[in-house]
Amino acid sequence: STTTVKNFFLVGFTESAMLQYILFITILIIYSMTWLGNVTIITTVITDQQLHKPMYFLLGNLAFIDLSESSVTLPKMLWDLLSEVKTITFGGCITQMFFFHFTGDAVAILLIVVALDRYVALHKPFQYLNIMNHNVLLRLVAGAWVEGFVHSIVQVALVIRLPFCGPNFLDNFYCDVPQVIKLACRDIYVVELLMVSNSGLLTTLIFIALIVSYAVILVKIRTRITEGKHKAFSTCGAQVAVVSINFVPCIFIYARPFQKLVVDKAISSLYTVITPMLNPIIYTLRSTETKNAVNRL
């Protein structure tokens with residue numbers, strides 16, 4: 001390809017120096033909380049014998065992927081908020097894009113696995129430990145990573161084949177496919193179609209699958225469970241909320257041919273900045289069992 005572009009300039013959030021400082025402090029606090037929450041969960045799940053159960057194994061893995069996902073974009077974003085010139089090399093841009101989709105997709109698949117785990121626990125409580133045995137868990141987690149890898153390789157392969165020879169101003173705070181392909185100096189109609197069907201369709205299908213599975217779980221809670229029904233409902237409701245915060249913005253960004261909208265950056269910051277911090281709080285730190293384990297730790 002005839003790529004002559006060596007660097008991309010990231011436009012970022014705002015021109016205002018004051019606002020950039022405020023954003024820097026806000027995002028630094030969020031990123032620190034993301035690390036604190038997720039590292040606490042990983043450590044507790046590894047060290048506490050009482051948490052050596054399928055659900056916590058999955059939540060420990062979710063915490064690890066959340067940490068990885070937020071670390072793909074946030075350190076660079078924090079650096080840029082204090083920099084005069086916000087640039088990223090072409091290679092760096094492609095790398096960031098690869099890891100962003102790799103971890104993001106792995107999170108999406110793992111959320112399905114977590115919902116599946118809850119379904120089995122409610123549906124077949126007596127066979128639960130046999131069904132969700134160690135080998136099955138390892139396969140499911142490995143499957144999430146492999147699926148993320150394949151999805152990401154496809155995205156990056158489509159981008160790398162495009163020629164970039166002119167404009168190199170990216171109107172975003174990190175490198176992502178929709179903005180980058182717009183800078184290619186050739187018609188991107190087919191690539192855009194492939195992107196929408198790859199990312200957009202995938203995200204939409206996963207979201208529908210998750211909402212359906214949670215609906216089934218909620219019905220199950222209503223009909224089967226007598227003890228602690230309210231708590232089960234609130235946990236499930238909270239998980240549906242997190243799934244929605246994660247997926248609805250993704251669907252908005254990826255499931256349409258890319259036209260620049262004012263709200264794009266704010267919306268994509270939901271799943272880049274906010275959900276990796278929320279996941280540990282909603283999925284893990286709400287349960288009494290984990291709270292006790294963290295206290296013991």
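Below is a short write-up of the structure. (Residues numbered from 1 in each chain as written. Predicted model: local features only at pLDDT ≥ 70, side-chain atom pairs only at ≥ 80, totals over all residues. Heavy atoms only, no water.)

Some remarks on the layout of surface pockets
Moving on, step 1. Roughly 630 Å³ of internal volume is contained in the largest pocket.
Moving on, step 2. Only helix 2 (54-81), helix 3 (90-123), helix 7 (189-224), helix 8 (229-254), helix 9 (264-284) and helix 10 (288-296) provide two or more residues apiece to the lining of the largest pocket.
Moving on, step 3. Ranked by residue count, the leading element in the lining of the largest pocket is helix 8, at five residues.
Moving on, step 4. Of the residues assigned to the lining of the largest pocket, the class counts are 15 nonpolar, five polar and six charged. (1 Å grid on protein atoms, 1.4 Å probe; cavity = no way out; pocket = protein on both sides within 12 Å on 5 of 7 lines; lining within 4 Å. Points joined across faces, edges and corners; volume = space filled by probe spheres on them. Helix = DSSP H or I, 4+ residues; strand = E, 2+ residues; numbered from the N terminus. Nonpolar A, V, L, I, M, F, W, Y, C, P; charged D, E, K, R; others polar.)

Re the pattern of salt bridges
Moving on, step 1. The final tally for this structure, using the stated rule, is seven salt bridges.
Moving on, step 2. The partner of Glu289 in a salt bridge is Lys53, and the shortest N-O contact between them spans 2.3 Å. One end of the pair, Glu289, is in helix 10; the other, Lys53, is in the loop between helix 1 (17-47) and helix 2, and 236 residues separate them in sequence.
Moving on, step 3. Of the charged contacts, one joins Asp80 and Lys76 as a salt bridge, the two residues approaching to 2.9 Å between their closest N and O atoms. Here the residue Asp80 and the residue Lys76 both occupy positions in helix 2, the gap between them amounting to four residues, near one helical turn.
Moving on, step 4. What makes Asp80 buried here is its relative accessible area of 5%. (Salt bridge = Lys/Arg side-chain N within 4 Å of Asp/Glu carboxyl O. Buried < 20%, exposed > 50% of the residue type's maximum accessible area, 1.4 Å probe, protein only.)

Looking at empty space enclosed by the protein
Moving on, step 1. Within this structure, the stated rule accounts for five cavities of 30 Å³ or more.
Moving on, step 2. There is about 240 Å³ of room inside the largest cavity.
Moving on, step 3. Looking at the largest cavity, it is lined by 17 residues, and the ones nearest its centre are Gly104, Asp105, Thr203, Cys250 and Tyr254.
Moving on, step 4. Per-element accounting of the lining of the largest cavity gives the leading share, six residues, to helix 3.
Moving on, step 5. A class-by-class count of the residues in the lining of the largest cavity yields nine nonpolar, six polar and two charged.
Moving on, step 6. For the lining of the second largest cavity, the secondary-structure elements that each account for two or more residues are helix 6 (177-181), helix 7 and helix 8.
Moving on, step 7. In terms of residue count, helix 7 provides more of the lining of the second largest cavity than any other element does, four residues in total.

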